[in-house]
Amino acid sequence: MENLIVAYLMIFVVLVGYGWSLYQRTRGTNQALRALDEK
Amino acid sequence: MSTATIPYWKILSDYTTRRIYQVLLPLTFLVIAIALSMALWYAPREATMGDAQRIFYFHVPSAWIGFLAFFIVFVSSVLYLLKGDRKWDALALSSAEIGVVFTTLVLLTGPIWAKAAWGAFWVWDARLTTTLILWFIYVGYLTLRSTVEDVRKARLAAVLGIVGFLDVPVIYISVTVWRTMHPTLVVNEPGGLDPAMRTTLMVALASFTLLYSLLLVARLRLEQKRDWLAVKSAQES
């Protein structure tokens with residue numbers, strides 16, 4: 001059972017981590033675009 | 001930057017992307033929740049490996065989605081080399097990044113299952129080794145793309161994206177060509193996968209396919225915005 005929990009946790013961490021990184025990168029790009037628009 | 005038109009993927013305009021997210025986001029989470037529940041409670045407990053076998057329901061879809069992602073890289077790279085249109089290059093790059101994420105999941109979950117089934121986290125088996133090679137090829141592809149962009153580098157990456165995909169059929173046939181410890185997936189033959197296990201696997205595969213589509217839309221849109229930012233910055237300076 002421990003093997004299963006570790007494996008599912010790993011899947012969760014990798015996917016959430018990637019999703020978070022994608023969100024942060026998109027947010028950064030949006031902010032840079034907005035800053036350019038304001039200038 | 002060879003950006004002719006922005007947005008080059010017209011389907012990913014602000015309006016349509018918002019609509020895609022409105023449908024795809026709740027649907028993906030719903031199907032993942034169903035797949036997870038089925039993997040934990042609906043699918044029967046495997047007699048020899050016990051609960052560790054349940055890793056299979058997300059290990060196999062991760063591998064399939066990895067292959068699908070690299071197939072998209074292959075096709076997009078061919079189209080980019082033929083047409084020179086940045087939209088194919090952006091699609092290849094986006095799909096390669098997601099493919100590496102799913103292949104990482106295969107390489108993380110596989111050893112945990114292997115430890116329970118074989119008593120060792122890793123063996124230099126044909127399927128495991130060729131999968132690791134595939135991961136290294138596309139990590140190399142992303143490393144190449146992470147440095148300063150130019151058309152020549154994009155073309156070089158496209159060649160790597162095409163050549164790298166040649167490893168996928170090798171992985172597929174590795175269990176039949178070489179003597180290997182890795183199990184072969186028997187789905188539709190007598191004595192194959194239990195019907196409840198098969199249904200769970202198919203739902204898990206559907207959930208990861210939806211997740212791949214969602215991530216691809218988000219990653220491709222990021223690439224478009226980055227190009228838009230580069231164009232605007234160049235216009236400003």
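Look above for the structure.
Because the structure is predicted, anything quoted here is derived from the model rather than measured.

So, about the interface of chain B and chain A. In this complex, chain B contributes 30 residues to the contact, which on the side of chain A involves 21 residues. Across the chain B to chain A interface the summed buried area is about 2,400 Å²; carbon plus sulfur atoms make up 77%. Connecting chain B to chain A are five residue pairs in polar contact (both at pLDDT 80 or more). Listed by contribution, the elements that provide at least two residues to the side of chain B that touches chain A are helix 1 (14-42), helix 3 (86-118) and helix 7 (195-236) of chain B. At 13 residues, helix 7 of chain B tops the list of elements feeding residues into the side of chain B that touches chain A. When grouped by side-chain class, the residues that make up the side of chain B that touches chain A number 20 nonpolar, two polar and eight charged.

Now for the side chain of Q53 of chain B. Locating Q53 of chain B in the fold gives a position in the loop between helix 1 and helix 2 (56-83). Beyond its immediate stretch of four places on either side in the chain, Q53 of chain B contacts P44, E46, W113 and M197 of chain B.

For the rest of this paragraph, the subject is the environment of R179 of chain B. All names here are of chain B. Relative to the assigned elements, R179 resides in the loop between helix 6 (167-177) and helix 7. A residue is classified by how much of its surface remains accessible, and R179, at 88% relative accessible area, is exposed. When the C-alpha atoms of R179 and A126 are compared, they prove to be 7.9 Å apart, with 53 residues separating the residues in sequence.

Cut-offs and rules
- Residues numbered from 1 in each chain as written.
- Chains lettered and ligands numbered in written order.
- Predicted model: local features only at pLDDT ≥ 70, side-chain atom pairs only at ≥ 80, totals over all residues.
- Heavy atoms only, no water.
- Contact = heavy atoms within 4.5 Å.
- Buried area = accessible area lost by both parts, 1.4 Å probe.
- Polar contact = N/O pair within 3.5 Å; in protein donor to acceptor, adjacent residues only side chain to side chain.
- Helix = DSSP H or I, 4+ residues; strand = E, 2+ residues; numbered from the N terminus.
- Nonpolar A, V, L, I, M, F, W, Y, C, P; charged D, E, K, R; others polar.
- Buried < 20%, exposed > 50% of the residue type's maximum accessible area, 1.4 Å probe, protein only.

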